[in-house]
Amino acid sequence: MRPRRLTSVLALAAMSAATITACGSGGATSQTADGKTELSVATFNEFGYEDLFKEYEASHPDIKITQRKAGQASPHHQNLFTKLGAGSGLADVEAIEEGYLSQVMSKASQFNDLGAIGPKDVAGDRWLKWKTDAATTKDGKLIGYGTDIGPLAMCYRKDLFEKAGLPSDPEAVKSLFATWDSYFAAGDQFIAKSGGVAWFDSASQIFNAMHNQHEVGYFDKSDKLVVESNAAIRGDWDAVTKAVAKGQSAKLVAWSNEWNTGFKAGAFATKTCPSWMLGVIEAQAGPENKGKWAVTDAFPNGGGNWGGSYLTVPKQGKNAQKAAELAAWLTAPEQQIKAFKAKGTFPSQVKALSDPALLEQTNAYFGDVKAGALFATQAKKVAAAQYKGPQDGQIQDNVFSPALQSIEQGKNADEAWKTAVQEAQKAAK
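Residues numbered from 1 in each chain as written. Predicted model: local features only at pLDDT ≥ 70, side-chain atom pairs only at ≥ 80, totals over all residues. Heavy atoms only, no water.

For the protein, an unreviewed UniProt entry supplies the name Extracellular solute-binding protein and the organism Lentzea rhizosphaerae.

Next up, the structure:
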């Protein structure tokens, strides 16, 4: 599988100005010279849509699709918010990555309600409930059709487990990953015999996975910041920082060169693993570590999700109903299976999760594990989508991640917590 995030984080050069312009230049169009309705679709990285566009045009001879494809998620969304502010220039269909969804939901009035303008045979239960819930406004408007998801499992180094005297078979390790308490307890056992190898890569990577499992996160549903009063957040903080103090963290900054090298060097034994992370591990650990990494269909305290996108129809477009029809078709289970085969984007549709084309997919790097079936199982364990306030992503990336990194560098955990709370309060204003 090749995730869209991998394309983003491994890019060695910044996107050229020409590419950025191409992903958002001009407004929504209406008719081509030969009388066809032109629909523009703005995506980023790899959605696996190229062949699907050709298929749709073949079955809809009155439609011409123009793709605006940005190389990375960040400039795509910068363009999106710029054009929203300007009031024109967006594509008929705009892709939204989940990390930017809370900002889009705060501007929901500028997007069409797909439940109102989309095909009437497209029911909300096409998708996993939590996927649809995340793109539904408080008053029931559906802003986006779900594309892919990133269900979480746990990846680990079999050889490092064996050296530390821990079980290494994917079935045998499940008890170690049953809860966060059992996970950190296993980390203590591992550190005692690991010879200096860390249990996990980064405190923030663990904390974010824990935090996103809670029904209430940084904000409640009235957009009130609840960082200081949410006992679950402080509980996660204490558990992770205690593990850091015991030497369980490799103290690596995710997506940095050192983090990338850590996979190849065997600097840590476990990794929180959304479906697309398998591709990251294979790319960074290299062929010499094939067969050393394994993945199991277990994750502490149940399931979780990291990653995924939506297709939206901004109100700026002139062809909203036809754009909604295209977006509905692209996100149908049949098309999501085709996109999965093309680019490894893991489907969010209930029907797709039982399709043999998904369930029989294997991963040779991880010992020919049936990765499709494994992550389909994990996807069904996610109970609900956590509500995200408008500044949620900013608080995660610019407040809590740096605060946890400061602890890994020696700062007192209680002092770092006070700083994080203060910075979160500033960000939420």
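Participant: Just give me the short version of the overall build of the protein, but keep the residues and values in it.
Facilitator: In terms of regular secondary structure, the protein is built from 19 helices and 7 strands. Its C-alpha atoms give the protein a radius of gyration of 22 Å, near enough to 22 Å, the size a compact globule of 429 residues would have. Judged by the C-alpha coordinates and their principal axes, the protein covers about 70 × 50 × 40 Å. Taken over 429 residues, the protein has a buried fraction of 54%. Residue pairs at least 24 apart in sequence account for 76% of intrachain contacts in the protein once pairs closer than 6 positions are excluded. Of the side-chain charges in the protein, 46 are positive and 46 negative, and the distance between the mean point of each set is 1 Å. (Helix = DSSP H or I, 4+ residues; strand = E, 2+ residues; numbered from the N terminus. Rg over C-alpha atoms; globule rule 2.2 N^0.38 Å. Buried < 20%, exposed > 50% of the residue type's maximum accessible area, 1.4 Å probe, protein only. Contact = heavy atoms within 4.5 Å. Lys, Arg positive; Asp, Glu negative; His and termini not counted. Charge placed at Lys NZ, Arg CZ, Asp CG, Glu CD.)

Participant: Residues and numbers for the nonpolar core, please.
Facilitator: Within the largest apolar cluster, 83 residues are counted, with the highest numbers of intra-cluster contacts made by F177, W199, I281 and F400. Sequence-distant contacts of I281, defined by excluding residues within four places in its chain, comprise C155, F263, C273, G286, W293, Y365 and F366. Residues L101, L114, A135 and A339 belong to the second largest nonpolar core, which totals 42 residues. (Core = buried A, V, L, I, M, F, W, Y, C linked by side-chain atoms within 4.5 Å.)

Participant: Please provide a residue-by-residue account of the pairing of strand 4 (residues 144-157), values included.
Facilitator: Sheet faces and side chains relate simply in a regular strand, where the side chains alternate between the two faces. Taking burial as the measure, the 14 residues of strand 4 include 14 buried ones, the bulk of the element. As paired elements, strand 4 and strand 5 (residues 270-274) share 5 bridges and run antiparallel to each other. Residue pairing across strands places M154 opposite T272, the latter belonging to strand 5. One ladder, built from 4 bridges, connects strand 4 with strand 6 (residues 293-296); its direction is antiparallel. Bridging from a neighbouring strand, C155 pairs with V295 of strand 6. (Pairing = 2+ DSSP bridges.)

Participant: Describe the environment of A320, naming the residues involved and giving the relevant values.
Facilitator: For A320, the location among the structural elements is in helix 14 (residues 320-330). Sequence separation between A320 and L114 is 206 residues, and the spatial gap between their C-alpha atoms is 9.4 Å. Apart from the residues lying within four places of it in its own chain, the contact partners of A320 are N112, I117 and V313.

Participant: Requested: an account of the confidence of the model for the protein, with residues and values cited.
Facilitator: Mean pLDDT for the protein: 91, with 93% of residues reaching 70 or above. Note on residues 1-29: pLDDT under 50 across the span, and 74 contacts to partners over four residues away in sequence or across chains. (pLDDT = per-residue confidence, 0-100.)

Participant: Describe in detail the environment of F375, supporting the description with residues and values.
Facilitator: For F375, the location among the structural elements is in helix 17 (residues 371-379). With relative accessibility at 0%, the residue F375 sits in the buried group. A sequence separation of 202 residues divides F375 from V173, and the C-alpha atoms of the two residues are 17 Å apart. Residues within four places of F375 in sequence aside, it is in contact with P151, A153, C273, P274, S275, L278, V295 and F346.

Participant: Help me get a handle on the packing of aromatic side chains, residues and values and all.
Facilitator: Evaluated as defined, the whole model comprises 35 aromatic pairs. Summarising the aromatic geometry, the rings of W237 and W417 are spaced 5.4 Å apart at their centres and angled 65° between planes, so their arrangement reads as edge-to-face. Placement of W237 in helix 11 (residues 231-245) and of W417 in helix 19 (residues 413-427) is noted, with a sequence separation of 180 residues between them. One aromatic cluster is present, built from ring pairs that chain together Y156, F161, F177, W180, Y183, F184, F190, W199, F200 and F299. The lysine or arginine in question, R126, covers the ring of W127, its NZ or CZ lying 5.3 Å from the ring centre. Looking at K131, its charged tip hangs above the ring of Y310, at a distance of 4.1 Å from the centre. (Phe/Tyr/Trp six-rings, centres within 6.5 Å; stacked < 30°, edge-to-face > 60°. Lys NZ or Arg CZ within 6 Å of the ring centre and 35° of its normal.)

Participant: Report on the pattern of salt bridges, specifying residues and quantitative values.
Facilitator: Taken as a whole and assessed by the stated rule, the structure comprises 21 salt bridges. With its nearest N and O atoms 3.0 Å apart, the salt bridge here joins K69 to E46. Of this pair, K69 sits in strand 2 (residues 63-70) while E46 sits in the loop between strand 1 (37-44) and helix 3 (50-59), and the two are 23 residues apart along the sequence. For K174, the salt bridge goes to D297, with nearest N and O atoms at 2.8 Å. In this pair, K174 sits in the loop between helix 8 (158-163) and helix 9 (180-193) while D297 sits in the loop between strand 6 and strand 7 (305-312), placing the two residues 123 residues apart along the sequence. K174 gets classed as partly exposed once you look at its relative accessible area, which sits at 23%. Residue D297 is classed as partly exposed on the basis of its relative accessible area of 22%. Sharing partners across several salt bridges, the network here consists of E46, E50, K69 and K343. (Salt bridge = Lys/Arg side-chain N within 4 Å of Asp/Glu carboxyl O.)

Participant: Lay out the state of the cysteines in plain terms, naming residues and giving numbers.
Facilitator: In the structure shown here, the tally under the stated rule is 1 disulfide. Residue pairing for C155: its cysteine sulfur links by disulfide to C273, the two sulfurs lying 2.1 Å apart. In this structure, the disulfide formed by C155 and C273 twists by about -110° around the S-S bond and is classed as left-handed. Of the two residues, C155 sits in strand 4 while C273 sits in strand 5, which places them 118 residues apart along the sequence. When its relative accessible area of 0% is taken as the criterion, C155 is described as buried. When its relative accessible area of 0% is taken as the criterion, C273 is described as buried. (Disulfide = S-S within 2.5 Å.)

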